[in-house]
Amino acid sequence: MNRNRVAFWMAVALVSLPAAPVSWVEAAGQPQTAERRKPQVEMVQAVGCVEERTGNGWWLTRASEPEVSPAGVFNQDQVDAVLAALELGTREFQLIGVADFLDAEGLLATGNRADFTSADQVNATGDLRPGRTVLVKGLLIEGDEVSRVNLTTVVGLADSCG
Amino acid sequence: MRVRIAASVTVLGLLWAGMPTASAAESPTYNQDVGSILLENCASCHRPNQVAPMSLLSYKDARPWARAIKSKVASREMPPWFADPSYGTFSNDISLTDDEIATVLAWVDAGSPEGDGPAPEAPRFSDAGWSHPSGTEPDYVIEFPIAWEVPAEGETPNFNLYTPLPFNDVLRVSATQVRPGNYAATHHITTGLVNMPPGKVLGTGPAWSGGPMVDYVPVDDPDADPAAQAIPAGRPQGGRRALDPEAREEAAAQRAGFGPYIPGVGADVARAGQVREIRGDLFDYVIWNLHYQATGKLEQARPSIGAWIATEQSSQRVRSLGLREATSEGRQLVAAPPLTAEERALAGPSQVGQGLNPTLDPIPPNDGNWTVTGVGAFQNDAVIQSLFVHAHVRGNDFTWLLTYPDGREEVLLRVPNYNFDWQFEYELAEPLRVPAGSTVKSIARYDNSRNNRRNPAPQKEVYWSEQSWDDMYLTNVSYINADDTSEN
C-alpha cells in the first residue's frame, strides 16, 4: 500500500534531529564537498528581461549567461548579491512552466488549472510581467534554435529592465 | 404408476431446486458475491488487532455490520480512497467500482444472505498482525525495549529515542513495516539510522526538554576522551554535514531506516526487482521519532519494526525527489540570510513551530484558502513510481502536476479531499517515464476556517512543525533513474 517512502520519511525523521539537514532552505548554496556527477540537464540561474510574445509564450531576453545553481530556494543574501552585480547579457531563453509565476488570470488560463482552481484559490506570484527584470532558476534545455528554461523559481528584481 | 408419479415428483423437485427463489435470484449473497469484495478491499484493515474497529473476515463477522457497511459503502467513505478518478490510475486503489457498490447495497437490502456454496477463502494474513500482502511474518523483528506510557490527557511533544541497531552488515530487504503497538494513541512514528554524535553516549536523560527521564537518550559522556570522540573512519556522522545536494540525497538514502508508521500505512513493499539496503555497516543506532496523542485514558505503546529479507538481487534503487523550491500565497519563497555562528548561538537550538518549513508564513486565523506550491526538478531521465503528501488537519486538497521539457502540463494526481487519517502513497499503476528537464509541482491548499470540521482552532495562527497543533507541507516523489531500469 505504501512502498517507496522510506528515504522520504527518513528525511522527515531527520528534521527532528538536533542539527539535522532540514527541508528546502538548506539545499541551495551548500559547499560542494563531493565529486559532482554531471546530470543530463543542468539546473541554472540567470537574470534577464521578461517578454511576452503573442502566441509564442514567455521569454527571458537580454539574459545573462546561465550559471549552474543547486536546487533550493535562494536566500536573501544571494538575491541581494545578484542585484548588486546585476549585468544583463545577450542570451535568450523561452520560459516554460510559467503558470505559477504569472498573474491569477494567466494561471487560470494555463492547461486545465481552471478545472480544479477557483479564483480565490490561485497561488500565482505575478513576478513574470513584461518589462521586468527577474532572476530565474530552472532546468536548462538547450536547443539548436531555442533554449528553454523549465522554471522552478522566479524572483522579481525590478519593474523595469535595462 | 407409482414409478411414474415418483419420477414426476423427482423431476419437479430437481426443477424446483434448480430454480432459485425470486429473492435469491435477484439478490447477491455473501458466498457468491460480497465476501470476495470485502476480503479483497476491506480485510487488510478489518481483521483482528488492526486499526479498524471490527473484523470482516467471514460472513459471521460481516453480517452484524451489514447496515453500517451499506452506509459507509454507499457514501464511498469506505474503503477509503481520495484520488480524483479523473486523473491517473493507481495500483493501490482500493475504492469499489459502481458495480461492486451496487452489489453490496443489494446484498444488504435483501437481508444480507449468506448464500449457498463455499465461503470465499480469506487471504493469508500474518498471525502476529503484520501487513505484508503475502501474509508472511517478517524475517527480522526489532522491538522497542520499553512500553511508552501515554498520559490520558494533554499534548505530548514529538521526541526521539535511540536503540542500538542489532546488526552491523547490510540488510537487503524487500519490505519493512513499523507497527505502533497502540493504534489509538500513536500519531506517527518515523525511524532512521544514525550514529551517536561525538561526545555522546546512550544513557538516561529527558525524552524532550523538560520531559520525563527515560533510557535510550543521547547524553554527554563524562568520560569521553576528546581523541576518541571521532566517529570511526567510513561511518557518517549523525548530525549535519556540509554536502552538495546529490551527496545529501545519498546520505539521506543511506540513513533511510525502516520507514514510518502513519495512519493508514501498512507494510512498505518494494516493487518486483527492487530492493532496499539497511546500512548496518554504516550506522549503529535506530532513531525512533515518536509522537503520541492522548485518548482520554492512560495508554501504553511499544512499537516494533519488521523486515522481510530480499530474495533477489537488484540494482534498482528507489530515490526520493524533494520539492525544494516553492511559492506560497502569491509569493516566491526566499529564505532569510543564513545566521552567523553568533546569531545561531543566540537563537538556540529550536525554531519553535517553524522548524520544518521556515520560509513559509504561518496560516492566518480563519483562512480557508491558504496555498503553497512546491517545485521539484528531474535533471536525469526518471521513472516516477509514486506520489505522497503529508499534512495535518488543515490540509484540504493537493494536486500534482508534471511540466514536460516541451512545456506541456499534465495532472498526475489530484486529492480533492485530503484526510489525515488515511495517508496513502499513490502508486502509479504504470510507472511514468519522464524525460530529463521535467519539473513536478505539488499544489496544496489548507483550510484553517471553521468550515473545516477537523479544525480544532480556526481562531489561531498555524505554524509549521510535526506537532499536531501545527501543520506540515511534506511531499515526495518516489522514482528510479531511467538508466537503472532493465530497458536500458
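Overview of the overall build of chain A
The secondary structure content of chain A amounts to four helices and six strands. Moving toward the C terminus, one meets the helices and strands of chain A in the order α-β-β-β-α-β-α-α-β-β. Scored against the burial criterion, the 162 residues of chain A give a buried share of 48%.

Structural notes on the packing of helix α5 (residues 66-74) of chain B against helix α6 (residues 98-109) of chain B
Residue and element names in this part refer to chain B. Put simply, α5 and α6 touch, their axes get as near as 9 Å, and they point 150° apart. Considering the angle they form, α5 stands roughly antiparallel to α6. Here α5 and α6 pass one another in a crossing that is left-handed. Only I101, V104, L105 and V108 of α6 make contact with α5, whose side of the interface consists of A66, R67, I69, K70, V73 and A74. Across the contact of α5 with α6, the residue classes break down as eight nonpolar, no polar and two charged.

So, the domain arrangement of chain B
All names here are of chain B. Taken domain by domain, chain B holds domain 1 (23-109), domain 2 (140-223 + 246-316) and domain 3 (320-484). Contacts between domain 2 and domain 3 engage 12 residues on the former and 11 residues on the latter. When grouped by side-chain class, the residues that make up the side of domain 2 that touches domain 3 number four nonpolar, seven polar and one charged.

A short note on the sheet that holds strand β20 (residues 409-415) of chain B
Residue and element names in this part refer to chain B. Taken together, the six strands give an open sheet; going across it, the order is β16-β15-β17-β22-β19-β20, and neighbouring strands pair in antiparallel fashion. With partners counted over all chains shown, the strands left at the sheet margins are β16 (331-332) and β20, one partner each. Here two bridges tie strand β15 (residues 325-328) to β16, and the two strands are oriented antiparallel to one another. Residue pairing across strands places T327 opposite Q332, the latter belonging to β16.

Overview of the environment of V170 of chain B
Residues and elements named next belong to chain B. With respect to the helices, strands and loops of the structure, V170 is situated in strand β4 (residues 170-179). Accessibility expressed as a C-beta count within 10 Å gives 12 for V170, which makes it exposed. Separated by 105 residues in sequence, V170 and W65 place their C-alpha atoms 47 Å apart.

Thoughts on the pairing of β4 of chain B
Residue and element names in this part refer to chain B. In terms of residue burial, β4 counts as a mostly covered element, since seven of its 10 residues are buried. Relative to strand β13 (residues 304-309), β4 runs antiparallel, the two being bridged by six bridges. Pairing of Q177 across the sheet is with G306, part of β13. Here two bridges tie β4 to strand β9 (residues 268-269), and the two strands are oriented antiparallel to one another. Opposite T176, over in β9, you have D268 as the bridge partner.

Brief notes about unusual backbone geometry
In this structure, P79 of chain B follows M78 of chain B across a cis peptide bond, with omega equal to -10°. Counting through the fold element by element, P79 of chain B comes out in the loop between α5 and α6. A positive phi angle is found at R62 of chain A, which is not glycine, with a value near 50°. Secondary-structure assignment places R62 of chain A in strand β2 (residues 57-63). Take R62 of chain A: there are 16 C-beta atoms within 10 Å of it, and that puts it in the partly exposed class.

Quick look at the sheet that holds strand β14 (residues 319-321) of chain B
Within a sheet, neighbouring strands are paired by backbone hydrogen bonds and run either parallel or antiparallel to one another. All names here are of chain B. Spatial ordering of the open sheet is given by β14-β23-β18-β21, a layout of four strands whose pairing is antiparallel. Because the sheet does not close on itself, it has two edges, and the strands there are β14 and β21 (425-434). Mean inter-strand twist for the sheet, computed between neighbouring axes without regard to direction, equals 30°. With three bridges connecting them, β14 and strand β23 (residues 474-481) associate as antiparallel partners. Its bridge partner lying in β23, S320 is registered against S478.

Re the confidence of the model for chain B
Residue and element names in this part refer to chain B. On average, residues of chain B score 84 in pLDDT, and 83% of them reach the 70 mark or higher. For residues 348-354, every residue scores under 50 in pLDDT, and the model assigns this stretch nine contacts once sequence neighbours within four places are set aside. Predicted complex metrics record ipTM = 0.85 and pTM = 0.80.

Observations concerning the packing of helix α3 (residues 30-41) of chain B against α6 of chain B
All names here are of chain B. Look at α3 against α6: their axes get within 10 Å of each other, and the N-to-C directions meet at 120°. Comparing their axes, α6 and α3 come out oblique. Classified by chirality, the crossing of α6 by α3 is left-handed. Residues D33, V34 and I37 of α3 form the contact with α6, whose participating residues are E100, T103, V104 and W107.

Rules used throughout
- All residue numbers refer to positions counted from 1 along the written sequence of the respective chain.
- Whichever chain is written first becomes A and whichever ligand is written first becomes 1, with later ones labelled in order.
- The predicted origin of the model limits local features to residues at a pLDDT of at least 70 and limits the giving and counting of side-chain atom pairs to 80 or more, whereas totals for whole chains, interfaces and linings rest on all residues.
- Comment: elements are numbered from the N terminus, with helices defined as DSSP H or I runs of at least four residues and strands as E runs of at least two.
- Counting other C-beta atoms within 10 Å of a residue's C-beta gives its exposure: the residue is buried at 20 or more, exposed at 12 or fewer, and partly exposed in between, where C-beta atoms are placed from the backbone.
- For helices, the fitted axis covers only the stretch in contact; all axes are lines through C-alpha atoms, and the angles between them, taken along N-to-C directions, range from 0 to 180 degrees.
- Any angle between 65 and 115 degrees counts as roughly perpendicular, while under 35 counts as roughly parallel, over 145 as roughly antiparallel, and the rest as oblique.
- Crossing handedness is defined as follows: a turn of the near helix away from the far one that is anticlockwise and smaller than a right angle gives a left-handed crossing, while the clockwise case is right-handed.
- Here the contact rule is simple: place C-beta atoms from the backbone, and any two residues whose C-beta atoms are within 7 Å are in contact.
- Residue polarity follows a fixed list, in which Ala, Val, Leu, Ile, Met, Phe, Trp, Tyr, Cys and Pro are nonpolar, Asp, Glu, Lys and Arg are charged, and the others, Gly among them, are polar.
- Where each domain starts and ends comes from a domain assignment, either automatic or drawn from a database.
- Here the rule is simple: two strands pair whenever DSSP picks up at least two bridges between them.
- Along the chain, pLDDT gives the predictor's confidence residue by residue, from 0 to 100.

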